Amino acid sequence: MVLMTFVSCGDNTVSINRVAENEVLSKNDSVLSIKEQGVFSAGEGTVTLSEGTFDISNYYISRDGSTSHVDHANVFYQIPLEEIGLPMVFLHGYGQSRVGFMTTPDGREGCYDMFLKKEHSVFLIDQPRRGEAGQTSVAGTISTEPSDQT
C-alpha cells in the first residue's frame, strides 16, 4: 500500500510525496497524511427523463429520451492516517459551497486542513443544488446581485 502526503509550502504550492506503508512519518503540522479520500453522492435525489427516444447518433443536439440525476448532495472526504476523535462534518450555509471550508479569501488554509492535521476525518458536504451538487430539477433565475455578506 502506498500513502500520499501533501506538504503545504509558504508560497501556497503543494507538493506530493509518496510514502511506503512501513515508513514512519514524523509528526509535523505542515504535513497531511491521508489514509483514504473520495467523493460520494448522498440522498435519494431525483432522476428526470425527457420525452422521446434517445438516439446516440444525435445526442449532441437532441435531448430526447435523456436523463438527469439531480437534487442530491455531494460529499468530499479525507481520512487521516491515524484517526482520533470524532469525524468533522462541514455543512455550508446560504448560497455557499464546501470550498469555503477549504481555504480563506486571503489564501490561508481552511478549517478543513486544520482538523485533518489534528487527526480527525473530515467530510465536506455540498448541499443539493449547490457547488458540486449543482444539478437541479427546479428551474429558476440566478441573481447577479452581490450577496457575499448575506
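For the structure, see preceding data.
Enquirer: Describe the pattern of salt bridges, with residues and values.
Expert: Should the charged atoms of two oppositely charged side chains come close, the side chains can pair. Scanning the model with the defined rule gives 2 salt bridges in all. Here Arg108 makes a salt bridge to Asp106, at a shortest N to O gap of 3.0 Å. Each of the two residues, Arg108 as well as Asp106, counts as exposed.

Enquirer: Kindly report on the side chain of Ser121, identifying the contributing residues and their values.
Expert: Within the fold, Ser121 resides in the loop between helix H1 (111-117) and strand E8 (122-126). The exposure class assigned to Ser121 is buried, which follows from its relative accessible area of 1%. At 2.6 Å, the side chain of Ser121 and the side chain of Glu83 are in polar contact. Excluding anything up to four places from it in sequence, Ser121 contacts Gln78, Ile79, Pro80, Glu83, Pro87 and Met88.

Enquirer: Outline the nonpolar core, listing residues and values.
Expert: Among soluble globular proteins, nonpolar side chains are generally buried collectively. Core analysis: the biggest nonpolar cluster contains 9 residues, these being Leu32, Ile34, Phe76, Phe90, Phe101, Tyr112, Leu116, Val122 and Leu124. For this core, the secondary-structure elements that each account for two or more residues are strand E3 (31-42), H1 and E8. Every residue in contact with Leu116, bar those within four places of it in the chain, is listed here: Leu32, Ile34, Gln78, Pro80 and Val122.

Enquirer: An account of a nonpolar patch on the surface is requested, with residue identities and associated values reported.
Expert: A surface patch of nonpolar side chains, about 640 Å² in accessible area, is lined by Phe54, Ile56, Tyr59, Tyr60 and Ile61. Mapped onto the secondary structure, Ile61 falls in the loop between strand E4 (46-49) and strand E5 (67-70).

Enquirer: Lay out the side chain of His120 in plain terms, naming residues and giving numbers.
Expert: Of note, His120 is situated in the loop between H1 and E8. For His120, a relative accessible area of 17% gives the class buried. Among the polar contacts listed, one links the side chain of His120 to the backbone oxygen of Ile84, at a separation of 3.4 Å.

Enquirer: Can you lay out the pairing of E8 for me, pointing to particular residues and giving the numbers?
Expert: Burial of E8 is extensive: 4 of the 5 residues sit out of reach of the surface. Of the pairings in the sheet, the one linking strand E6 (residues 73-80) to E8 comprises 5 bridges and is antiparallel in character. Bridge pairing in E8 places Gln78 opposite Val122. Here strand E7 (residues 88-91) runs beside E8; their pairing, made up of 4 bridges, is parallel. Each residue of the ladder has a partner; that of Val89, found in E8, is Phe123.

Enquirer: Lay out the environment of Val89 with the relevant residues and their values.
Expert: Along the chain, Val89 falls in strand E7. The exposed category is assigned to Val89, whose relative accessible area is 55%. Through-space distance from the C-alpha of Val89 to that of Val75 is 9.7 Å; in sequence the pair is 14 residues apart. In contact with Val89, not counting residues within four places along its chain, are Phe123 and Ile125.

About the criteria used
- Residues numbered from 1 in each chain as written.
- Predicted model: local features only at pLDDT ≥ 70, side-chain atom pairs only at ≥ 80, totals over all residues.
- Heavy atoms only, no water.
- Salt bridge = Lys/Arg side-chain N within 4 Å of Asp/Glu carboxyl O.
- Buried < 20%, exposed > 50% of the residue type's maximum accessible area, 1.4 Å probe, protein only.
- Helix = DSSP H or I, 4+ residues; strand = E, 2+ residues; numbered from the N terminus.
- Polar contact = N/O pair within 3.5 Å; in protein donor to acceptor, adjacent residues only side chain to side chain.
- Contact = heavy atoms within 4.5 Å.
- Core = buried A, V, L, I, M, F, W, Y, C linked by side-chain atoms within 4.5 Å.
- Patch = residues over 30% accessible without salt bridge, like charges linked within 9 Å, V, L, I, M, F, W, Y side chains within 5 Å.
- Areas by Shrake-Rupley, 256 points an atom, 1.4 Å probe, with all protein chains shown as cover.
- Pairing = 2+ DSSP bridges.

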